[in-house]
Amino acid sequence: MRVVTTAQPLDVQPTPLALLLLGREADPKSERGVECPGDLPSPSDPNLVARARAAKEKLGDKVFILGHHYQRDEVIEFADVTGDSFKLAKDAAARPEAEYIVFCGVHFMAESADILTTDDQKVVLPDLAAGCSMADMATAEQVAECWDVLTEAGIADTTVPVSYMNSSADIKAFTGKHGGTICTSSNAKKALEWAFEQGEKVLFLPDQHLGRNTAVRDMGLSLDDCVLYNPHKPNGGLTVQQLRDAKMILWRGHCSVHGRFSVDSVNDVRARIPGVNVLVHPECKHEVVAAADYVGSTEYIIKALEAAPAGSKWAIGTELNLVRRLANRFASEDKEVVFLDKTVCFCSTMNRIDLPHLVWTLESLAEGNLVNQITVDKETESFAKLALERMLALP
């Protein structure tokens with residue numbers, strides 16, 4: 001039984017469940033990211049902000065805090081930089097003088113930061129339970145089995161894996177080992193163009209929607225060129241002929257937040273707000289993307305609103321924390337920004353990183369106690385880095 005170490009010593013030994021809730025342990029078998037908790041609770045301790053400032057000031061240049069766009073405002077306040085997952089990993093790599101990289105995001109992001117930073121730097125995730133339901137939808141064992149299926153169908157030699165940044169280090173390593181590359185929602189088209197220069201087919205992991213939207217919307221392939229591989233069915237639920245005929249073999253994975261948006265959401269907001277521009281993330285379903293006016297990554301969404309004229313109206317289909325932040329930011333410029341769906345839904349795993357967890361992390365580091373370090377073993381890191389470097393080399 002492990003004992004929790006806090007600023008105030010405890011007289012009790014927490015149960016394994018308590019450790020999980022506090023973020024000191026993880027349960028890799030649980031399905032994450034499917035809750036829809038409504039409004040977020042405010043920090044319980046009014047002194048948390050002051051404590052966070054004091055701990056960060058004490059650490060000085062030894063700590064570098066990364067904040068993903070989907071984080072709570074109370075966490076973003078203490079981030080040295082904000083951005084999407086890959087931008088933040090690159091920002092971490094560009095700060096070799098920082099001993100501690102505190103990644104306010106989810107597990108796969110922290111893994112990417114560990115891969116791209118030096119051996120002397122230590123990447124910390126404030127809550128180890130901050131996973132990603134999409135990343136969890138593709139395990140190394142399932143992908144290896146899929147590759148065996150492709151091999152038996154006689155198409156593995158002509159198939160190039162392309163994995164979304166939102167994947168585990170194991171999946172990135174598989175991708176690198178089998179001649180593939182990583183992509184983000186910003187450069188997925190370039191990654192697929194590169195892949196089709198290397199082979200005849202693409203195995204796209206783990207988000208079916210980004211793969212389908214990029215192939216059909218951006219590259220002119222048809223929906224018939226795409227097949228859906230279900231890892232829970234024999235042979236992925238596909239015949240050998242279906243695999244041989246396909247150009248895009250899409251993994252059956254999705255984002256639990258972006259997957260909530262529907263065509264009804266688009267139609268409803270157009271009826272309620274005449275003249276509204278509908279802007280959605282490419283992790284949304286294909287029919288939602290087809291019904292939207294604009295499609296792009298979180299960085300694209302931010303830049304689009306920055307460039308939008310005063311008086312314009314926007315319905316945004318992405319995580320609610322970012323939408324609320326943008327609505328507040330652009331209200332003074334007379335830009336109306338609303339959430340695409342009527343149902344309030346945060347990314348429940350992103351929101352595990354809250355101010356109490358951040359304070360605990362910073363105070364622990366300030367006291368010389370390394371907590372919640374994320375490390376990737378050397379072999380996995382080597383192949384994963386190879387896949388990332390192929391992405392970096394894309395034109």
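The structure we're discussing is the one just above.
Residues numbered from 1 in each chain as written. Predicted model: local features only at pLDDT ≥ 70, side-chain atom pairs only at ≥ 80, totals over all residues. Heavy atoms only, no water.

## So, the nonpolar core
Taken as a class, soluble globular proteins show a tendency for nonpolar side chains to be buried jointly. Residues Val-102, Phe-204, Met-248 and Val-280 are the most contacted members of the largest nonpolar core, which totals 107 residues. When residues no more than four places from it in sequence are discounted, the contact partners of Val-280 are Val-288, Val-289, Ala-292, Tyr-294, Val-295, Gly-296, Gly-317 and Leu-340. Counting 20 residues, the second largest nonpolar core, distinct from the first, contains Ala-156, Phe-174, Val-227 and Ala-246. (Core = buried A, V, L, I, M, F, W, Y, C linked by side-chain atoms within 4.5 Å. Buried < 20%, exposed > 50% of the residue type's maximum accessible area, 1.4 Å probe, protein only. Contact = heavy atoms within 4.5 Å.)

## What about the packing of aromatic side chains?
By the definition in use, this model includes four aromatic pairs. Here Phe-261 and Phe-339 contribute two aromatic rings whose centre-to-centre distance is 5.5 Å and whose plane-to-plane angle is 65°, an arrangement assigned as edge-to-face. Residue Phe-261 is located in the loop between strand E9 (248-251) and helix H12 (263-272), and its partner Phe-339 is located in strand E13 (residues 336-339); the two are separated by 78 residues in the primary sequence. Exposure class is identical for Phe-261 and Phe-339. Each is buried. (Phe/Tyr/Trp six-rings, centres within 6.5 Å; stacked < 30°, edge-to-face > 60°. Helix = DSSP H or I, 4+ residues; strand = E, 2+ residues; numbered from the N terminus.)

## Brief notes about the pairing of E13
With four bridges connecting them, strand E12 (residues 313-317) and E13 associate as parallel partners. Opposite Lys-313, over in E13, you have Glu-336 as the bridge partner. One crossover worth recording links E12 to the parallel E13 by way of helix H15 (residues 320-330), and it is right-handed. (Pairing = 2+ DSSP bridges. Right-handed = clockwise from strand over helix to strand, strands pointing away.)

## Notes on the sheet that holds strand E6 (residues 181-183)
Taken together, five strands build an open sheet; the order of strands is E6-E5-E7-E9-E8 and the sheet is parallel. Of all the strands in the sheet, just E6 and strand E8 (226-229) have a single pairing partner and so form its edges. Across the sheet, the mean angle separating the axes of adjacent strands is 25° when strand polarity is ignored. Note that strand E5 (residues 159-164) and strand E7 (residues 201-205) share five bridges and pair parallel. If you follow Pro-161 over to E7, its bridge partner there is Leu-203. Across the face of the sheet, helix H10 (residues 208-218) comes into contact with E5, E6, E7, E8 and E9 while running at roughly 155° to E9. (Axes fitted to C-alpha atoms, helices over the stretch in contact; angles between N-to-C directions.)

## Observations concerning the sheet that holds strand E11 (residues 294-295)
The strand order across the open sheet built from four strands is E11-E10-E12-E13, with neighbouring strands paired in parallel fashion. The strands lining the two open edges of the sheet, one partner per strand, are E11 and E13. This element, H15, spans E12 and E13 of the sheet and lies at about 165° to E13.

## Quick notes on the side chain of Ser-167
Topologically, Ser-167 is positioned in the loop between E5 and helix H8 (169-177). Using a relative accessible area of 1% as the deciding quantity, one classes Ser-167 as buried. Not counting residues up to four positions away in its chain, the partners in contact with Ser-167 are Phe-108, Ala-135, Lys-172 and Pro-206.

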